[in-house]
Amino acid sequence: MRSTITAWRVEGDFLGWDYDVYNGCSSIIHISKELFHWGDTYTINFSDPQDELEGLMLVIAIDAANCTQNNG
């Protein structure tokens, strides 16, 4: 497993769940919330399958931060 997460940068609308994760100038992950579903449904597109574990951990951390802000 590679360890490049320290160079990642996240840009976009966190509360609207539409954002990209960049490594340098390259978008490596795109996260968006799908509308008109029974529950919360998200699409996560990875450019490289090797980024999936770290990417999922990042998405969970952002979701937890959003839940904390909405409940506080």
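Residues numbered from 1 in each chain as written. Predicted model: local features only at pLDDT ≥ 70, side-chain atom pairs only at ≥ 80, totals over all residues. Heavy atoms only, no water.

### Things to note about the overall build of the chain
Note the following rule: Helical segments are the DSSP runs of H or I of at least four residues, strand segments are the runs of E of at least two, and each set is numbered from the N terminus. In this scheme, a residue with accessible area under 20% of its type's maximum is buried, one over 50% is exposed, and one in between is partly exposed, where area comes from a 1.4 Å probe on protein chains only. Throughout, a residue-residue contact means that at least one pair of heavy atoms, one from each residue, lies within 4.5 Å. In this description, accessible areas are obtained by the Shrake-Rupley approach with a 1.4 Å probe, and a residue is regarded as covered only by the protein chains that are shown.
Regarding its fold elements, the chain presents 1 helix and 4 strands. Ordered by position in the sequence, the α and β elements of the chain form the string β-β-β-β-α. Residue burial in the chain is summarised as follows: out of 72 residues, 22% are buried. Counting only contacts in the chain whose residues sit at least 6 apart along the sequence, the fraction spanning at least 24 positions is 28%. Total accessible area computed for the chain in this model is approximately 5100 Å², and 56% of it derives from carbon and sulfur atoms.

### Observations concerning the pairing of strand S3 (residues 26–34)
Here is the rule we go by: For two strands to count as paired, DSSP must find a minimum of two bridges between them.
Two elements, strand S2 (residues 18–23) and S3, share 6 bridges in a ladder whose sense is antiparallel. Bridging from a neighbouring strand, Tyr 19 pairs with Ile 31 of S3. What sits between S2 and S3 in their antiparallel hairpin is a turn of 2 residues, with Gly 24 showing a positive phi close to 70 degrees. Pairing geometry for S3 and strand S4 (residues 41–46), over 6 bridges, is antiparallel. Bridging from a neighbouring strand, Glu 34 pairs with Thr 41 of S4.

### Things to note about the nonpolar core
Under the convention used in this document: Residue types Ala, Val, Leu, Ile, Met, Phe, Trp, Tyr and Cys, when buried and joined through side-chain atoms within 4.5 Å, form a set referred to as a nonpolar core.
Counting 9 residues, the largest nonpolar core consists of Trp 8, Trp 17, Tyr 19, Val 21, Ile 28, Ile 29, Ile 31, Val 59 and Ile 62. Mapped by element, the contributors of at least two residues to this core are S2, S3 and helix H1 (52–71). If one sorts the elements of this core by residue count, S3 sits on top with 3 residues. Not counting residues within four places of it along the chain, the set of residues in contact with Ile 31 comprises Trp 17, Asp 18, Tyr 19, Val 21, Thr 43, Ile 44 and Val 59.

### Here we look at the environment of Asp 20
What counts is decided by this rule: Here a polar contact is taken to be a pair of N or O atoms separated by no more than 3.5 Å, where protein atoms must pair a possible hydrogen donor with a possible acceptor and residues adjacent in sequence count only if both atoms sit in side chains.
When you line up the elements, Asp 20 lands in strand S2. Taking the C-alpha atoms as reference points, Asp 20 and Ile 44, 24 residues apart in sequence, are found 9.6 Å from one another. Looking at Asp 20, its side chain comes within polar contact range of the side chain of His 30, at 2.7 Å.

### Regarding the side chain of Asp 20
We apply this condition: Under this rule, positive means Lys or Arg and negative means Asp or Glu; His and the chain ends count for nothing. The term salt bridge refers to a side-chain nitrogen of Lys or Arg lying within 4 Å of a carboxyl oxygen of Asp or Glu.
One buried charged residue, Asp 20, remains without a salt bridge, the closest side chain of opposite sign being Arg 9 at 9.3 Å. Residues in contact with Asp 20, not counting those within four places in the same chain, are Arg 9, Val 10, Glu 11, Ser 27, Ile 29 and His 30.

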